[in-house]
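Secondary and tertiary structure notes
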Amino acid sequence: MARTMKYAREFVTSTLIGGLLIVVPVYLAVLLLLKGMKSAATVVRPFAAVLPDWIPAENLCSLLLVLIICFIVGVAVRTRSGRVVRERLEVTLFGRLPGYGLIKSLTQRLTGDSEESAWTPALVELEDALVPAFIIETFDDGRLTVFVPSVPTPLAGAVYVLPHERVHILDIPFSQAIRSISRWGSGTSDLVAAMRKG
């Protein structure tokens, strides 16, 4: 009974944390978008006035202006000077926000925009089982720090330091491993088949 209660408590906690890590950034993004549209409304009001009344012109023009600004900023941060500014902002401002590094790393991995060696999919030996995990870093002596995600919320889990003999790298994309974990292990047979030989 105590073991069941402990499992239920851990499940509820990890699921809640995983849900928060997904819902909060989406909520903040929508909130910022609406705030930006409200600020842009005063700029686009003269242009919206010339359009027919049956079109929600002010809202559409505000949304379009905000999206254009986001696109321009996106283009700007791809330039050399833009990357420098972005990196400085990340170090001085965004890097201090709780969870920013994790969300950034996961987003880059999911979009295939990361060149980091971290978050490499793997299967690790825990007791008598193989468990899906991600390699976070490698020690000088060969040991590995691995993150074992909770099911079905891969943003919550536990961290282990394991010898390299117990960590089996998978030749699959990061997104495939996340998809299997978020689907309660469906597709794990593909993960086992993708274990790197040797």
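1. What to know about the overall build of the protein chain
Looking only at helices and strands, one finds six helices and five strands in the protein chain. Within the protein chain, the proportion of its 198 residues that are buried is 27%. Long-range contacts, defined as pairs at least 24 residues apart, comprise 43% of the intrachain contacts of the protein chain with a sequence gap of at least 6. Accessible area for the protein chain stands at about 13900 Å²; split by element, carbon and sulfur atoms hold 65% of it.

2. Examining a positive patch on the surface
On the surface, R78, R80, R83 and R86 cluster together into a positively charged patch. Secondary-structure assignment places R86 in helix α3 (residues 80-92). Using a relative accessible area of 35% as the deciding quantity, one classes R86 as partly exposed.

3. Some remarks on unusual backbone geometry
Residues other than glycine seldom take positive phi values, yet E127 does so here, at roughly 55°. Structurally, E127 is set in the loop between β1 (120-126) and β2 (129-138). Residue E127 is classed as exposed on the basis of its relative accessible area of 79%.

4. Topic: the pairing of β2
Where β1 and β2 come together, seven bridges link them in antiparallel fashion. Looking at the pairing, A122 lines up with A133 of β2. Taking the residues between adjacent antiparallel strands as the criterion, β1 and β2 are bridged by two residues, where E127 takes a positive phi near 55°. Once β2 ends, the chain turns through five residues before running back antiparallel as strand β3 (residues 144-149), passing G142 with a positive phi of about 100°.

5. A few points about the confidence of the model for the protein chain
Residue-level pLDDT values for the protein chain average 77, and 76% of them are 70 or greater. Within the protein chain, no element has a lower average pLDDT than helix α4 (residues 100-111), which sits at 58, and none a higher one than strand β5 (residues 167-169), at 90.

6. Remarks on helix α2 (residues 57-76)
Since the α-helix turns once every 3.6 residues, residues separated by three or four places project in the same direction. Helix length check: α2 (20 residues) gives 28 Å between terminal C-alpha atoms against 28 Å at 1.5 Å per residue, within 8%. Every buried residue of α2 is listed here: A57, S62 and V66. Mapping the buried residues of α2 onto a view down its axis gives an arc of 160°, with all of them on the same face. Those residues of α2 that are exposed and angled more than 90 degrees off the buried face are L64 and F71.

Calculation rules
- Residues numbered from 1 in each chain as written.
- Predicted model: local features only at pLDDT ≥ 70, side-chain atom pairs only at ≥ 80, totals over all residues.
- Heavy atoms only, no water.
- Helix = DSSP H or I, 4+ residues; strand = E, 2+ residues; numbered from the N terminus.
- Buried < 20%, exposed > 50% of the residue type's maximum accessible area, 1.4 Å probe, protein only.
- Contact = heavy atoms within 4.5 Å.
- Areas by Shrake-Rupley, 256 points an atom, 1.4 Å probe, with all protein chains shown as cover.
- Patch = residues over 30% accessible without salt bridge, like charges linked within 9 Å, V, L, I, M, F, W, Y side chains within 5 Å.
- Salt bridge = Lys/Arg side-chain N within 4 Å of Asp/Glu carboxyl O.
- Lys, Arg positive; Asp, Glu negative; His and termini not counted.
- Charge placed at Lys NZ, Arg CZ, Asp CG, Glu CD.
- Pairing = 2+ DSSP bridges.
- pLDDT = per-residue confidence, 0-100.
- Expected span 1.5 Å × (residues − 1).
- Arc of directions from axis to C-beta.

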